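# Structural overview
Chain by chain, the residues:
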Amino acid sequence: MNRIIRIGTRGSKLALWQAYHVADLLKAASLQTEIVIIETKGDKVLDVSIAKIGSKGVFTEELEEQLASGAIDIAVHSAKDMQSSLPEGFELIAFTEREKVNDIILSHDKDIDYRNADKPLVLGTSSTRRVATLKHFYPHIQTVEVRGNLQTRIAKMEAGLCDALLLAYAGAHRMGYDEMICHELSLDEFTPAVGQGSVAIESSVSLDPQVRKLIQSACHHEDTGYRLVAERSYLRVLEGGCSIPVFALAELEGSQLKIKGGIVSLDGQQRIVHELTGKKEEGVVLGQKLAEQVLQSGGEKILKEIKSALKK
Ligand SMILES: NCc1[nH]cc(CCC(=O)O)c1CC(=O)O
């Protein structure tokens, strides 16, 4: 095909890494690509916490305008940052192969020992899931909010704001900071955010079906797809924006899909987790069932408390 696939992306280093990753996958399938950088509202308002501007679409709206006008064919995002329901007229057409899903602790100090309650530790993070999870399992750890891209966060840590950062492995790895990773956290305690570690490709529903198919066969990783469909179905029921500490991880065991997910209260006092297994093709239903179990066993009350706390 002679047509150039135009890839829209934000301009941050992580976003560009992801866009070039997708471009590489397309090129490997002999498709031509062009990268178009688009600034979003989320990139402009760096000093306000995302939980406060209202997370809905702050990093995606401008990209969607360009998708709708046909100026770009696809938009590339961290799958984790995508709302569970997209605005009408848009869809996720592919998920790239997921890498390690764990959260990690990143620091220059190799002696960080987060399990030792006698050793004071300040961790930088801006994820409510990570803060609440720390409060639950490691209440001795102090946290401080650190926003901005990874490079900015590391600079703030180096300036003394915190001893270490709590981040996704995927982002640290993509940005080339593997050597600063001092701990990989357990998936049972730090169950990741929905979609963590995969890159999502979004298009307008009116994208030429032939182009859509070519992009999917070049970029979509089937097993990752099964996992993310289930996790995103879970998230959709809980209406969890990125400011709500919900988590879910689906894993394949042969043709079976096992999904574990839950919610943790902001103060870390309550953490509800359930697990379900079913056929990998039934991810949507599994995710919904899991969400219902979590809601019925106390999750609903936690969710209400969180929503009213965030409004203040
Ligand atoms: N919330 C921001 C964000 N969105 C995607 C990643 C990393 C890549 C990924 O998790 O897929 C990160 C950084 C982080 O959570 O540490």
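Residues numbered from 1 in each chain as written. Predicted model: local features only at pLDDT ≥ 70, side-chain atom pairs only at ≥ 80, totals over all residues.

Stated precisely, the cut-off is as follows: UniProt positions are given in the numbering used here, feature names are shortened, and annotations may be inferred rather than shown by experiment.
Under the annotation held in an unreviewed UniProt entry, the protein chain carries the name Porphobilinogen deaminase and is attributed to Cecembia lonarensis. Comment text from UniProt for the protein chain, heading Catalytic activity (unreviewed entry), reads "4 porphobilinogen + H2O = hydroxymethylbilane + 4 NH4(+)". Of the comments in the UniProt record for the protein chain, the one headed Pathway (unreviewed entry) reads "Porphyrin-containing compound metabolism; protoporphyrin-IX biosynthesis; coproporphyrinogen-III from 5-aminolevulinate: step 2/4."

## Re the domain arrangement of the protein chain
To keep things clear, this is the line we draw: Each domain's limits were defined by an automated method or a database of domain assignments.
When the domains of the protein chain are assigned, the result is domain 1 (4-97 + 198-220), domain 2 (103-184) and domain 3 (246-311). Between the C-alpha centres of domain 1 and domain 3 the distance comes to 26 Å.

## Focus: the sheet that holds strand β4 (residues 90-95)
Definition in use: Two strands are counted as paired when DSSP detects at least two bridges linking them. Secondary structure elements are defined from DSSP: runs of H or I of at least 4 residues count as helices, runs of E of at least 2 residues count as strands, and each element is numbered from the N terminus. Here an angle of 0 to 180 degrees is reported between the N-to-C directions of two axes, which are lines fitted to C-alpha atoms, with helices fitted over the stretch in contact. Residues are defined as contacting one another if the C-beta atoms placed from their backbone atoms lie within 7 Å.
Strand order in the open sheet formed by 5 strands is β2-β1-β3-β10-β4, with mixed pairing between adjacent strands. This sheet does not close on itself; its edge strands, each paired only once, are β2 (32-37) and β4. Pairwise comparison of adjacent strand axes, ignoring direction, gives a mean angle of 35° for this sheet. Two strands pair when backbone bridges link them, and strand β3 (residues 74-78) and strand β10 (residues 199-204) are joined in this way by 4 bridges, in the antiparallel orientation. When the sheet's bridge partners are listed, Val76 is paired in β10 with Ile201. In the packing of helix α1 (residues 13-28) onto the sheet, contacts are made with β1 (4-9), β2, β3 and β10, and the angle to β1 comes to roughly 165°.

## Some remarks on the site of the ligand
Note the following rule: By definition, a residue lies near a molecule or strand provided its backbone-derived C-beta atom is within 6 Å of it. Three classes are used: nonpolar for Ala, Val, Leu, Ile, Met, Phe, Trp, Tyr, Cys and Pro, charged for Asp, Glu, Lys and Arg, and polar for all others, with Gly counted as polar.
Lining the immediate environment of the ligand, one finds Ser78, Lys80, Asp81, Leu167, Ala168, Ala170, Gly171, Gln196 and Gly197. Going through the elements one at a time, β8 (164-168) and α7 (169-174) are the ones with two or more residues in the shell around the ligand. A per-class count over the shell around the ligand returns 3 nonpolar, 4 polar and 2 charged. The residue makeup of the shell around the ligand includes at least three contributed by each of domain 1 (4-97 + 198-220) and domain 2 (103-184).

## What to know about the pairing of β3
Two faces, one strand: in a regular strand the side chains alternate between the faces of the sheet. Our working rule: Exposed residues have 12 or fewer other C-beta atoms within 10 Å of their own C-beta, buried residues have 20 or more, and residues in between are partly exposed; the C-beta atoms are placed from the backbone.
With 5 of its 5 residues buried, β3 lies for the most part within the structure. Neither face of β3 is exposed, since Ile74, Val76 and Ser78 on one face and Ala75 and His77 on the opposite face are all buried.

## Some points on the environment of Arg115
Of note, Arg115 is situated in the loop between β5 (103-106) and β6 (122-125). Separated by 19 residues in the primary sequence, Arg115 and Leu134 place their C-alpha atoms 11 Å from one another.

## Description of the environment of Ala75
Looking at the secondary structure, you find Ala75 in strand β3. Overall, Ala75 belongs to the buried group, with 29 C-beta atoms counted inside 10 Å. Each C-alpha atom of the pair Ala75 and Ala200 lies 8.3 Å from the other, and the pair is 125 residues apart in sequence. Beyond its immediate stretch of four places on either side in the chain, Ala75 contacts Gly8, Leu63, Leu67 and Glu202.

## What to know about the sheet that holds strand β9 (residues 181-184)
The strands making up a sheet are joined through hydrogen bonds of the backbone, oriented either antiparallel or parallel. The strand order across the open sheet formed by 5 strands is β7-β6-β8-β5-β9, and the pairing between neighbours is mixed. At either margin of the open sheet sits one strand with a lone partner, and together these are β7 (142-145) and β9. Averaged over all neighbouring strand pairs, the angle between strand axes comes to 30°, with direction disregarded. Taken strand by strand, helix α5 (residues 128-137) contacts β5, β6, β7 and β8, and its axis lies near 155° from that of β6.

## Observations concerning the packing of helix α9 (residues 222-238) against helix α10 (residues 283-311)
Worth spelling out the cut-off: Crossing handedness: left-handed means the near helix sits turned counterclockwise from the far one by under a right angle, and right-handed means the same turn made clockwise.
Where α9 contacts α10, the two axes come as close as 8 Å, and the packing angle between them is 35°. For the crossing formed where α9 meets α10, the hand is right-handed. Packed against α9, whose contacting residues are Tyr226, Val229, Ala230, Glu231, Arg232, Ser233, Tyr234, Val237 and Leu238, the element α10 presents Gly283, Val284, Leu286, Gly287, Gln288, Leu290, Ala291 and Leu303 at the interface. For the contact of α9 with α10, the per-class residue count stands at 11 nonpolar, 4 polar and 2 charged.

## With respect to helix α8 (residues 209-219)
Convention followed: Within this analysis, the arc is defined by the directions that extend from the helix axis to the C-beta atoms.
Restricting attention to buried positions, one finds in α8 the residues Arg212, Ile215, Ala218 and Cys219. Each buried residue of α8 sits inside an arc of 135° when the element is viewed along its axis, so together they form one side. Counted as exposed and oriented over 90 degrees from the buried face of α8: Pro209, Gln210, Lys213 and Ser217. As for α8, its buried residues are in contact with β1, α1, β3, β4 and β10.

## Quick notes on unusual backbone geometry
Phi at Ser30 takes a positive value of approximately 65°, unusual for a residue other than glycine. Its location among the elements puts Ser30 in the loop between α1 and β2. Classification of Ser30 by C-beta neighbours within 10 Å gives exposed; the count is 9.

## A word on the packing of α1 against α8
Each pair of packed helices can be summarised by the angle the axes make with each other and by the distance between the axes. Quick note on the threshold: Note that the term roughly parallel is reserved for angles under 35 degrees, roughly antiparallel for angles over 145, roughly perpendicular for angles of 65 to 115, and oblique for everything else.
The geometry of α1 relative to α8 is characterised by a closest axis approach of 8 Å and an angle of 105° between their N-to-C directions. For the element pair α1 / α8, the angle class is roughly perpendicular. Facing α1, whose interface residues are Val22, Leu25, Leu26 and Ala28, α8 presents Ile215, Ala218 and Cys219. Counted by class, the contact of α1 with α8 contains 7 nonpolar, no polar and no charged residues.

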